[in-house]
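Here's the letter readout for the chains.
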Amino acid sequence: LFDGVYPFYPQQRKAAGFDISTIIVIVVFLTLACSFVLITPGIRGRARWYWTLRVLLSLFVGVVIVVVQFTGDWETGWVQANTSYKSFSPVQVSADIGLHIGLAGLNVTLRGNPVKQLNETINYNEHFPWSFGQDYDLSYSQGLHKGLPSPILYVAEKFSSQSPCAVHRQYRVAGHYASATLWVAFCTWVISNILFSMPVLVYGGYMLLVTGAFMIFSLLSFSTVRNSPMCLIQIGTSTLHVAYGGSFWLLLAVGLLCFVAGVAIVAMHHLNLDLLKTFFDLREDKAEECQEMPEVFINPHFVSKGL
C-alpha cells in the first residue's frame, strides 16, 4: 500500500453516465424545438397543428441521425459472473460486466454486485476507441499500465488488432462507413427541409426517401460485422453475448418512418394535391394568386392603337 492506496490503482475510476457529445446535440435540437413551439401561437387555424407536427417530426429525424453517431449501444451485452478482480490475485468478486459497442469504439462496464466489495468501489466504465485516427491498441496498453480490473482488460483484448478473434478491422471499417453514410443522410435531410420550404413538395418527398435509404444503408454497413465469427467472451462460468442495441433499432424505426413519409408525400402529390397543400399550408397562397383583380385600369392610348 502507498498511503492506503494500491500502487496500480492511484484513483477510483468513475462510471461515465452520459456522453458529452450526445448531450450537446440533444440540447441544440431541443433549443430549436422550443424556439419553434414558442411561435406557434402566432399561427392561425389548423395550420398551427400541421406546422408543429412537421417541425417536430423533422427535428426528431435530424437529432436521431446525429445522436446515434456518438452513442455506444449499437450492440450491447450484459452478464453477471463471479470473476477475479485484480491480476495475479485469486480473490473473486460478484459483478455485472457490460459491453457496449458503438461506431467509434466500445465501452466495457464493470459494476460490483454489490458495488462496495474488498473495501473498494467497483464501478468502472472504460472507453476504447477504434475510429480512424485513433489507436485502439495504444488505448488498451494504457489500460494495462493503469492497472484496470482483469474483466475489463479481458473483454477489451478480444477486440484488439492482435487478438486471434480478428474482429478489430471489421468493426472499425463497418463503423467508419456507417458513420459516413449517416452524415450523407443528414445532408439529404437538410436538403429535404429546404425543398419543403421553397416549396417543392414532391422533390422534398423524394429527398426524404433518399434520407431513409441512406439510414438503412448505414445499418446494413454496421451489420456486416455479423458475417465474421465472434469469439466467445467467457467470464467465469458465464458467457457474454451481444445483440443489437437501442441505437440500431431506433435508427431502423426512423429510417422506416422516412420511407413512409416520403411515399405518402409522393403519392398525395399525384393523387390528392389539394390535401397535400392543405397539410403544408399552401392553399391560402394559391387562393391569393388566383384571386380575380377587383378593378382593371386600361390605357385608352394603347387600346386605340390595337396594342
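This is a predicted model, so every value here is computed, not measured.

**Student:** Describe the sheet that holds strand β4 (residues 120-129), with residues and values.
**Tutor:** Spatially, β4-β3-β2-β1-β7 is the arrangement adopted by the five strands of the open sheet, whose pairing is antiparallel. This sheet does not close on itself; its edge strands, each paired only once, are β4 and β7 (243-244). Alignment of strand β3 (residues 105-117) against β4, held across nine bridges, turns out to be antiparallel. Looking across to β4, one finds that Arg 111 is bridged to Asn 123.

**Student:** So, the UniProt feature "transmembrane region" (unreviewed entry) in the protein chain: which residues are in play, and what are the values?
**Tutor:** Here the UniProt feature "transmembrane region" (unreviewed entry) sits at residues 20-39, 51-71, 91-110, 177-196, 202-222 and 242-268. Between the end C-alpha atoms of residues 51-71 there is a gap of 30 Å, over a span that is 81% helix and 0% strand. In residues 242-268, helix accounts for 85% and strand for 7%; the two terminal C-alpha atoms are 42 Å from one another.

**Student:** Lay out the pattern of salt bridges in plain terms, naming residues and giving numbers.
**Tutor:** Per the stated rule, a full pass over the model turns up two salt bridges. We note a salt bridge from Glu 120 to Lys 86, for which the minimum N-O separation is 2.9 Å. Note that Glu 120 is positioned in strand β4 and Lys 86 in the loop between β1 (75-84) and β2 (92-101), a separation of 34 residues in sequence. On the basis of relative accessible area, Glu 120 is assigned to the buried category, the value being 9%. You can call Lys 86 buried: its relative accessible area is 16%.

**Student:** A description of the state of the cysteines should follow, citing residues and the corresponding values.
**Tutor:** On inspection of all chains with the given rule, the structure shows one disulfide. A sulfur-sulfur distance of 2.3 Å marks the disulfide that ties Cys 165 to Cys 231. Looking down the S-S bond of the Cys 165 and Cys 231 bridge, the torsion is -130°, so its handedness is left-handed. Residue Cys 165 is found in the loop between α4 (150-157) and α5 (168-197), and its partner Cys 231 is found in the loop between α6 (201-223) and β5 (233-235); the two are separated by 66 residues along the sequence.

**Student:** Requested: an account of the nonpolar core, with residues and values cited.
**Tutor:** Within the largest apolar cluster, 66 residues are counted, with the highest numbers of intra-cluster contacts made by Trp 74, Leu 99, Leu 106 and Phe 159. For this core, the leading source of residues is helix α2 (residues 47-67), giving nine residues. Inspection of this core shows a minimum of three residues originating in each of domain 1 (17-70) and domain 2 (75-165). Apart from residues lying up to four places away in sequence, Phe 159 is in contact with Leu 99, Ile 101, Leu 106, Trp 130, Tyr 136, Val 167, His 168, Tyr 171, Met 230 and Ile 233.

**Student:** Lay out the pairing of β3 with the relevant residues and their values.
**Tutor:** Examined bridge by bridge, β2 and β3 share seven bridges and lie antiparallel to one another. Across the sheet, residue Ile 101 finds its bridge partner in β3, namely Leu 106. Taking the residues between adjacent antiparallel strands as the criterion, β2 and β3 are bridged by three residues. The hairpin formed by β3 and β4 contains two residues between the paired strands, and Leu 118 there has a positive phi angle of roughly 55°.

**Student:** Which residues make up the environment of Val 108, and what values go with them?
**Tutor:** For Val 108, the location among the structural elements is in strand β3. Residue classification places Val 108 among the buried positions, given a relative accessible area of 0%. C-alpha separation for the pair Val 108 and Ala 156, spaced 48 residues apart in sequence, amounts to 7.3 Å. Ignoring any residue separated from it by four or fewer positions in sequence, one finds Val 108 in contact with Gly 98, Leu 99, Tyr 124, Asn 125, Glu 126, Phe 128, Ile 152 and Val 155.

Definitions and cut-offs
- Residues numbered from 1 in each chain as written.
- Predicted model: local features only at pLDDT ≥ 70, side-chain atom pairs only at ≥ 80, totals over all residues.
- Heavy atoms only, no water.
- Pairing = 2+ DSSP bridges.
- Helix = DSSP H or I, 4+ residues; strand = E, 2+ residues; numbered from the N terminus.
- UniProt positions renumbered as here; feature names shortened; annotations may be inferred.
- Salt bridge = Lys/Arg side-chain N within 4 Å of Asp/Glu carboxyl O.
- Buried < 20%, exposed > 50% of the residue type's maximum accessible area, 1.4 Å probe, protein only.
- Disulfide = S-S within 2.5 Å.
- Core = buried A, V, L, I, M, F, W, Y, C linked by side-chain atoms within 4.5 Å.
- Domains from an automatic or database assignment.
- Contact = heavy atoms within 4.5 Å.

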